[in-house]
Each structure stands twice: as structure tokens, then as C-alpha cells.
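So you can see what is in the structure, the chains are spelled out below.
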Amino acid sequence: MAVKDLFPLSEEHQMIRQAARDFAQNEINPIAAEYDEAGIFPMKTIKKMGEMGFMGIEVPEAYGGAGMDTLAYVLALEEICKADASHGTIMSVNNSLYCSGLLNFGSETQKERFLRPVAEGKAIGAYSLTEPMSGSDAGTMRSRAVRNGDSYLINGRKSWVTSGPVANFIVVFAMTQPEKKHRGVTAFLIETDKPGFIRGKMEPKLGIRASATSEIVFEDYCAPMDCRLGEEGDGFKIAMSVLDAGRIGIAAQSLGIAEAAYEASLAYAREREAFGQKIGQFQGIGFQLADMKTRIEASRLLVYNAALAKERWKTTGERFTLEASMAKLFASETAMFVTHAAVQIHGGIGYSKELPVERYFRDAKITEIYEGTSEIQRLVIARQELGLR
Ligand code: CAA
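Below is a summary of the structure that appears in this document. Fair warning: this is a prediction, and the values are worked out from it, not measured in the lab. (Residues numbered from 1 in each chain as written. Predicted model: local features only at pLDDT ≥ 70, side-chain atom pairs only at ≥ 80, totals over all residues. Heavy atoms only, no water.)

Concerning the packing of helix α3 (residues 70-83) against helix α6 (residues 235-271)
Keep this limit in mind: Every axis in this analysis is a line fitted to C-alpha atoms, fitted for helices over the stretch in contact. Angles between the N-to-C directions lie between 0 and 180 degrees. Each helix is a run of DSSP H or I of at least 4 residues and each strand a run of E of at least 2, with the numbering of both proceeding from the N terminus. Roughly parallel means an angle under 35 degrees; roughly antiparallel, over 145; roughly perpendicular, 65 to 115; everything else is oblique. Each crossing gets its handedness from the near helix: less than a right angle anticlockwise from the far helix is left-handed, clockwise is right-handed. Here a residue-residue contact requires only that any non-hydrogen atoms of the pair lie within 4.5 Å. Following the grouping adopted for this structure description, the nonpolar residues are Ala, Val, Leu, Ile, Met, Phe, Trp, Tyr, Cys and Pro, the charged ones are Asp, Glu, Lys and Arg, and the polar ones are all others, Gly among them.
At a minimum axis separation of 7 Å, α3 and α6 run at an interaxial angle of 40°. With respect to their mutual orientation, α3 and α6 come out oblique. Helix-helix and strand crossings are classified by hand; for α3 and α6 the assignment is right-handed. Across from Y73, V74, L77, E78, C81 and K82 in α3, the residues of α6 making contact are I248, G249, A252, Q253, L255, G256, I257, E259, A260 and E263. The class makeup of the residues in the contact of α3 with α6 is nine nonpolar, three polar and four charged.

Looking at the nonpolar core
As a reminder of what qualifies: Buried Ala, Val, Leu, Ile, Met, Phe, Trp, Tyr and Cys residues form a nonpolar core when they are joined through side-chain atoms within 4.5 Å. Relative accessibility thresholds used throughout: buried, under 20% of the residue-type maximum; exposed, over 50%; partly exposed, between the two (1.4 Å probe, protein chains only).
Judged by nonpolar contacts, the single largest core of 85 residues is most densely connected at M49, I57, I80, M91, I190 and V303. Discounting residues that sit within four places of it in the chain, I190 has contacts with I154, N168, F169, I170, V172, F197, F218 and Y221. Formed by 30 residues, the second largest nonpolar core is a distinct cluster that contains L115, A119, M175 and V242.

A look at the state of the cysteines
Rule in force here: Any pair of cysteine sulfurs within 2.5 Å is marked as a disulfide.
Per the stated rule, a full pass over the model turns up zero disulfides. Looking at the unpaired C227, the closest cysteine sulfur is the one in C222, lying at 9.0 Å. Given the relative accessible area of 1%, C227 is considered buried.

Details of the pattern of salt bridges
Basically, it comes down to this: The rule for a salt bridge is simple: a side-chain nitrogen of Lys or Arg has to be within 4 Å of a carboxyl oxygen of Asp or Glu.
Using the criterion set out here, one finds 30 salt bridges in the structure. Here R21 makes a salt bridge to E79, at a shortest N to O gap of 3.1 Å. You can see R21 sitting in helix α1 (residues 11-38) and its partner E79 sitting in helix α3, a full 58 residues away along the chain. We classify R21 as partly exposed; its relative accessible area is 30%. Given the relative accessible area of 3%, E79 is considered buried. What emerges from the salt-bridge pattern is a single network uniting D36, E37, K353, E358 and R362.

A short note on the pairing of strand β1 (residues 125-128)
This is how the line gets drawn: When DSSP finds two or more bridges between a pair of strands, those strands are recorded as paired.
A two-sided burial pattern is seen for β1, the buried positions comprising G125 and Y127 on one face and A126 and S128 on the other. Two elements, β1 and strand β4 (residues 169-175), share four bridges in a ladder whose sense is parallel. Within β4, the residue paired with A126 across the bridge is I170.

In C-alpha cells form, the structure reads like this:
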């Protein structure tokens, strides 16, 4: 049963959602299990998504993007993730962690050189903040960038870089003035075909196995001055404001995963019989489905609301940190709740690789961890509400 739309969609929004749905169901869904099992990056479908404009949805056409708004991005991402969260992760990092940072903080020359090829889907972008010894406490990074004439020498090791093994360009954060703590962080645009950049060990993952994740290592990597993103010392604020956008993407991903698991459960509850009746006729199953549906629709409101808040920020400059964190927190916990219930409703077959339900369950877990754990989202929300630090 469709819930009455609180967010009436324009013709343009309906069109992008339909295009993403058709592509996801026809081209991604049939290959998702195979790529998950093998842990292979789906280069062919990602290229096609680039050709369709899905890799730079909010980037203006003048810079090679689709020139659409945040709601369009969220609607498309939700549909892609309904078919496969791995494709969604790659799309999300490309759009919201890479393109949005460049769009907001890049110079005209940087946009032409680093944004256009990624927004056009001809190159892949990534974002690298986390290190082996600094995750949630991002301001304690150890990577160093030392000024050397009109360039910087970068040394260090970064971890958990989505698309790290395949990215052409990466926004990387390193300390230029460690004594200033988070105010000493600077952002750089890294070209992965340059000497001093090394792709490190692959991260072996529970879920989103078709999205490639690795460490990256810098050994005297030389970043010329024109590859610095923003001013020296602006890096932490750039990282945080880019993550605000990224968290809306992860919220949309969570929504897509939850919807896929719910729809599978609903169909199964209508068909599967036990003790002489359809299992959906047991109150125990019906109540679970009711809770799943209600949480999904509540998540949708938060996710679309966050997209609208980000859209408003483009004109007012008013931060959407609170809306983004609430959407990510609630939608990711919903994805975990719904996929957990989906496996249980399916019973043994839900635990089997014959159905995608176990994949939804494995994929959902990361949404409570990456781009800020649920604990970090709660901290951000509480600080925003209290106005205390
Ligand atoms: N936008 C702009 N500025 C912001 C901001 C935001 N959303 N959040 C904080 N700031 C600014 C603050 O105003 C403050 O500025 P001043 O220096 O002028 O005072 C500065 O940043 C420091 O802020 P805090 O004092 O709040 O910093 P903190 O050290 O207490 O940390 C935190 C805050 C929320 C815990 C932050 O460190 C955080 O979000 N941690 C989680 C990191 C994270 O999400 N990592 C995931 C990385 S990406 C990934 O998962 C991999 C991938 O490839 C997908």
C-alpha cells in the first residue's frame, strides 16, 4: 500500500526516480549477488551510471553534471540501493563526498580539472579522512603535509577509503600544523597516478562487498599548491561540512536497503504457508511487518526532509547538520531493524544465499558505522540541540 505522499514529486523528480528504478532493477539487480560473492568492483555498470548522469547529480551542467537538486539525488540513490547497496556506496561517495566538496570549496580551475571528469562519469572520486588510529575522533589524524616551496610533501596512511582501489582522484585530509589540532588540518586533491601514492591493503568486509575499500599510503607524495582545497587549516571544517552532505546519502542508502528487505518479507508473508495458513496471517508476523513499514515511512520523511534542508542551504547558507544526522541515525537503525526482521520472517531461506535477504542484512550494518557511527550522530544531534560543546 502506497503511503500518501507528503513530498509531492515534480515531473523531473518522478522521471529520475523511474530512470534509476528501471536501471537498478534491469541492470544491477541481476548481477548484484554475483558481484557481492566475488567481491568485484562493478566497473561496467558504474560506467553506465556515469553516462546516465548518476555520478554527479547535483553538479551543474556547466561542470559536466546532471544539474539536479538534492531530492533528485536522494530519490535516485534510494532506487539504486534497493537493488544493490554496493553500487549505492560507490555512487554516494562519488556524488556527496567527492563532488560536493569540490563544488563548494574548489576554485574554478580545480572544478574544471578535478570535478568535470568525475561528474561526467569518466573518472572515479573518493574521500579519505579516516586513519588506522583515528576514526570517530577525526581531528587526531597523523598524516602530515609539509610545505616545501610551492608544494606540499604528504606522508601517512589512510584507511577505509571507499573506491580507494579504483579512484582517479581523492580528497585527502592531512595535518599541516599538528600543534593547532583540528585547526591544523588541510584538504588536498590527490591524483592517484602520481609517484608517492600507493594503494594499500584491501579491507575485507562483511557487506557492500562489491564496493572496493582499501588503505592508501603516501610516501613523499608531492601535492602542488594548486591542489590544495581551500585554505591551509580549513580542512577539518571542509571534512565536516562534506560529511553533512554524505550522511544524507547514507540515509538514502539505508532507506533503499530497508525497502528491499521489507518488500521481500511482505511477498514471502503472503505466500509462505505454515500450520495451515499464510504466515502473514499470524499476528507475530503481521506486527513485525507493521513496525517495519512504519519505521521505513518515518525514515523517508527524515531523509527527504534532510534533502530539502540541504537544498535550502544552497540559497540561505543555513547548515543542515541536524537534519542530516537525524536522517542518517534513524534510517540506518531502521535498515538494521528491518533487515534483521526480514531474515527472521524468511527463516532458514533468509539465512541462505539463494535469496538476497541475507545480503541486505550484511549490507545494512555498515550504514550504522561509516560516515559517522550512530553514536557520533547522537553526539552531533545533542550538541546541535544543546548548543554546548
Ligand atoms: N560543518 C562545518 N563546521 C563544522 C561542522 C560541520 N558540520 N562540525 C564541526 N564543525 C567545526 C566546528 O564549528 C569547530 O570549529 P572551530 O574550530 O571554529 O571551533 C570545528 O569544526 C571542530 O568541531 P568540534 O569541536 O565539534 O570537533 P570534535 O573534535 O569534537 O569532533 C565530531 C566532532 C562530530 C566527533 C567529528 O569528529 C566527527 O564527525 N567524527 C566522525 C568522523 C566520520 O564521520 N568519519 C567517517 C569518514 S568517511 C568514511 O566513513 C569512509 C568512506 O569512504 C565512506
